[in-house]
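Summary of the model geometry
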Amino acid sequence: MKERFFDYIHQLQDTITNGIEAIDGQAHFREDRWDRPEGGGGRTRVIENGAVFEKGGVNISGVHGKLPEPMQKMFGVGDVDFFACGLSLVLHPKNPMVPTVHANWRYFEMYDENGAVVDSWFGGGQDLTPYYLFDEDAVHFHTVCKDACDRHDAAFYPKYKKQCDTYFWNAHRHEARGVGGLFFDYCRADENRTMDDWHAFVTDVGDSFLSAYGPIAEKRKNMPYTGEQRTWQEIRRGRYVEFNLVHDKGTLFGLRTNGRIESILMSLPPHVQWVYDHHPEPGSEEARLVAVLQRPVDWLGVDR
């Protein structure tokens, strides 16, 4: 399974970076291959200063070796070996009318002293973080997510949408990071599904990414904006940074497993502001966004 999924994320990285370059129309991804001293490595691709994307990364990695002690405590295991691979992406557009987007699809294995797999699971998801809220964009993104889920189980979308709303919650700000999408983790084989079933689901979601985000970026990338709207985007980016550094498990996993720091922190935008005690003008579009982020929205009317 690990070879199968590792091959898949290599292909998906090519598909997504080609699609993003087509949307940008100017910039190209820079590729950086790296090795992890303890075992494994990755292929980082970063786009910067484009016509559409100010900064973005589409990274793949496959790392292995002894599970670090902090992760042993997290998983409640002893001295075991592990393998983890995945694709992680974040795209920060220049135009504040285009939302930031994040996605991740990953696979994890743990082994006993004889090298036999004792545990394995999939995880991942994709979520949207707008600076100016266009309801039809949120509906489109969630519709693509639901369609991918429904091809496998009608219960997946409401379940994983709710998990996304719960996970991407900036608890210290009492607000969501964005308008959500999907988040799933610890997807293991059981009496209902094999690992092949989970592989089919996770790759279906991965394959849906460009359909979910591409039309939104194309629709909004040439919209006019003001300096004040750009300032608002940079203030909201600060909330994005806060979530990634305070709450995000992927960031913490990378830091605790001696991951490559440039790849881990590629999710951070290049221009950010923290304005003391900032509040948007009542009745403004900025205030409408904040109000929506304070309570998860059932964009498709199917939450249970």
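A few points on the structure. (Residues numbered from 1 in each chain as written. Predicted model: local features only at pLDDT ≥ 70, side-chain atom pairs only at ≥ 80, totals over all residues. Heavy atoms only, no water.)

A few words now on the overall build of the protein chain. Across its full length, the protein chain holds 10 helices and nine strands. For 304 residues, the compact-globule estimate of 2.2 N^0.38 gives 19 Å, and the protein chain sits close to it at 19 Å. Counting only residues that meet the buried cut, the protein chain has 54% of its 304 residues in that class. If you take every contact in the protein chain between residues at least 6 apart in sequence, the share linking residues at least 24 apart comes to 70%. Total accessible area on the protein chain stands at roughly 13700 Å², and carbon and sulfur atoms take up 50% of it. Positive and negative side-chain charges in the protein chain, numbering 34 and 46 respectively, have mean positions lying 2 Å apart. (Helix = DSSP H or I, 4+ residues; strand = E, 2+ residues; numbered from the N terminus. Rg over C-alpha atoms; globule rule 2.2 N^0.38 Å. Buried < 20%, exposed > 50% of the residue type's maximum accessible area, 1.4 Å probe, protein only. Contact = heavy atoms within 4.5 Å. Areas by Shrake-Rupley, 256 points an atom, 1.4 Å probe, with all protein chains shown as cover. Lys, Arg positive; Asp, Glu negative; His and termini not counted. Charge placed at Lys NZ, Arg CZ, Asp CG, Glu CD.)

Sheet architecture is open: seven strands sit in the order S1-S2-S3-S4-S5-S6-S9, paired in antiparallel fashion. Only two strands of the sheet have a single partner each, and these edge strands are strand S1 (30-35) and strand S9 (180-187). Sheet twist, expressed as the mean angle between neighbouring strand axes with direction ignored, is 5°. Sheet topology note: the S1/strand S2 (residues 40-48) ladder contains six bridges and is antiparallel. The partner of Trp34 across the bridge, within S2, is Gly42. Helix-sheet contacts for helix H7 (residues 227-246) involve strand S3 (53-66), strand S4 (81-93), strand S5 (100-111) and strand S6 (117-129), and the interaxial angle to S4 is about 165°. (Pairing = 2+ DSSP bridges. Axes fitted to C-alpha atoms, helices over the stretch in contact; angles between N-to-C directions.)

So, about the nonpolar core. Membership of the largest hydrophobic core comes to 62 residues, with the highest contact counts inside it found for Phe5, Leu89, Trp105, Phe184, Phe201, Phe209 and Tyr213. A total of seven residues in this core trace back to one element, the largest contributor, which is helix H1 (residues 2-24). Non-local contacts of Phe201, meaning those with residues more than four positions away in its chain, are made with Cys149, His152, Phe156, Tyr160 and Phe184. Of all hydrophobic cores here, the second largest spans 10 residues; its members include Leu67, Met71, Met110 and Trp121. (Core = buried A, V, L, I, M, F, W, Y, C linked by side-chain atoms within 4.5 Å.)

The full count for this structure, using the stated rule, is 28 salt bridges. A salt bridge links Asp165 to Lys161, with the nearest nitrogen and oxygen atoms 2.8 Å apart. Taken together, the residues span about one helical turn, with Asp165 and Lys161 both in helix H4 (residues 156-167) at a distance of four residues. Across the pair Glu175 and Arg236 runs a salt bridge whose closest N-O atoms are separated by 2.9 Å. (Salt bridge = Lys/Arg side-chain N within 4 Å of Asp/Glu carboxyl O.)

This next bit is on the packing of aromatic side chains. The final tally for this structure, using the stated rule, is 24 aromatic pairs. Measuring from ring centre to ring centre gives 5.4 Å for Tyr160 and Phe184, while their planes differ by 55°; the resulting arrangement is tilted. Taken as a pair, Tyr160 in helix H4 and Phe184 in strand S9 lie far apart in primary sequence, 24 residues in all. For the residue pair Tyr160 and Phe184, the accessibility class agrees, reading buried in each case. (Phe/Tyr/Trp six-rings, centres within 6.5 Å; stacked < 30°, edge-to-face > 60°.)

Turning to the pairing of S5, a few remarks are in order. Summarising burial for S5: 11 of the 12 residues are buried, a large majority. In this sheet, S5 lies alongside S4 in antiparallel orientation, the contact comprising 11 bridges. In the strand pairing of S5, Phe82 is matched with Met110. In this antiparallel pair of consecutive strands, S4 and S5, the connection spans six residues. With 12 bridges joining them, S5 and S6 adopt antiparallel strand pairing.

Inspection of the secondary structure assignment puts Asn59 in strand S3. A polar side-chain atom of Asn59 sits 3.3 Å from the main-chain amide nitrogen of Arg45. Filtering out sequence-adjacent residues up to four positions away, Asn59 remains in contact with Gln13, Arg43, Thr44, Arg45, Gly86, Leu87, Ser88, Ser263 and Met266. (Polar contact = N/O pair within 3.5 Å; in protein donor to acceptor, adjacent residues only side chain to side chain.)

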